[in-house]
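Listed here are the chains, written in short residue letters.
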Amino acid sequence: MRKHILTATFLSVFSAAAVAGAPGGEKDAAAAMTSGTMPSFEVVDRNEDGKISAEEAGYVRGLSVQEADRDGDGMLSPVEYKAAIEHLTKG
Ligand SMILES: [Ca+2]
Ligand SMILES: [Ca+2]
C-alpha cells in the first residue's frame, strides 16, 4: 500500500514538473551552461532525432560539429557528443 502512495506522489510531482518545464527547454540548456556544467545530449538534441545538428550544437558554447564529427555525417551521435564535451571540459 505504502509503495503505491509513494509512486502516485512521485508521478504527480513528475508530471507537474514536466508541464511547468515544457516551454523552458532553452532555459534548461542556458541554466546548465551558466552553472558550469555541459547540457546533456538529450537537452541539446532539441528535435530528439538522436543526432545533434550544427544548429543544435550552437546551444553549447565551444562545441563545433566540424571538429567533433568523427564519421563525417555532419551530425553528432551521442558518442561523438560525449567525446567533444569531455574534450571541452578538460580545457
Ligand atoms: Ca537533433
Ligand atoms: Ca557524426
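One can find the structure itself at the top, above this paragraph.
Caption draft 1: Region of interest: the overall build of the chain. Each helix and strand in the chain was counted, giving six helices and zero strands. The order of helices and strands in the chain, counted from the N terminus, is α-α-α-α-α-α. The buried share among the 91 residues of the chain stands at 16%. Look at the contacts in the chain between residues 6 or more apart in sequence, and 27% of them connect residues 24 or more apart.

Caption draft 2: Main features of the nonpolar core. Grouped together as the largest cluster of nonpolar side chains are twelve residues: Met38, Val44, Ile52, Ala57, Val60, Leu63, Val65, Ala68, Leu76, Tyr81, Ala84 and Ile85. Elements represented by at least two residues in this core include exactly helix H5 (65–68) and helix H6 (78–90). Ranked by residues supplied to this core, first place goes to H6 with three residues.

Caption draft 3: Main features of H6. With 13 residues, H6 extends 18 Å between its outermost C-alpha atoms, agreeing within 8% with the 18 Å of an ideal straight helix rising 1.5 Å per residue. Taken together, the buried positions of H6 are Tyr81, Ala84 and Ile85. Down the axis of H6, the smallest arc covering the buried residues is 100°, so these residues share one side. Within H6, the exposed residues directed more than 90 degrees away from the buried face are Val79, Glu86 and Lys90. Close packing links the buried residues of H6 with helix H3 (41–44) and H5.

Caption draft 4: The arrangement of the environment of Glu86 in detail. Assignment of secondary structure puts Glu86 in helix H6. Given 10 C-beta atoms within a 10 Å radius, Glu86 is considered exposed. Along the backbone, Glu86 and Met38 are 48 residues apart, and their C-alpha atoms lie at a distance of 9.3 Å.

Caption draft 5: Representation of the environment of Ala68. Structurally, Ala68 can be placed in helix H5. Classification of Ala68 by C-beta neighbours within 10 Å gives buried; the count is 20. C-alpha of Ala68 to C-alpha of Ala83: the two residues are 15 residues apart in sequence and 7.6 Å apart in space. Setting aside residues no more than four positions away along its own chain, Ala68 makes contact with Leu63, Leu76, Glu80, Ala83 and Ala84.

Caption draft 6: Unusual backbone geometry, seen in detail. Look at Glu48: it is not a glycine, yet its phi comes out positive at around 55°. Tracing the chain through its elements places Glu48 in the loop between H3 and helix H4 (54–57).

Conventions used here
Residues numbered from 1 in each chain as written. Chains lettered and ligands numbered in written order. Predicted model: local features only at pLDDT ≥ 70, side-chain atom pairs only at ≥ 80, totals over all residues. Helix = DSSP H or I, 4+ residues; strand = E, 2+ residues; numbered from the N terminus. Buried ≥ 20, exposed ≤ 12 C-beta atoms within 10 Å, placed from the backbone. Contact = placed C-beta atoms within 7 Å. Core = buried A, V, L, I, M, F, W, Y, C linked by C-beta atoms within 7 Å. Expected span 1.5 Å × (residues − 1). Arc of directions from axis to C-beta.

Coordinates in, geometry out; function isn't part of it.
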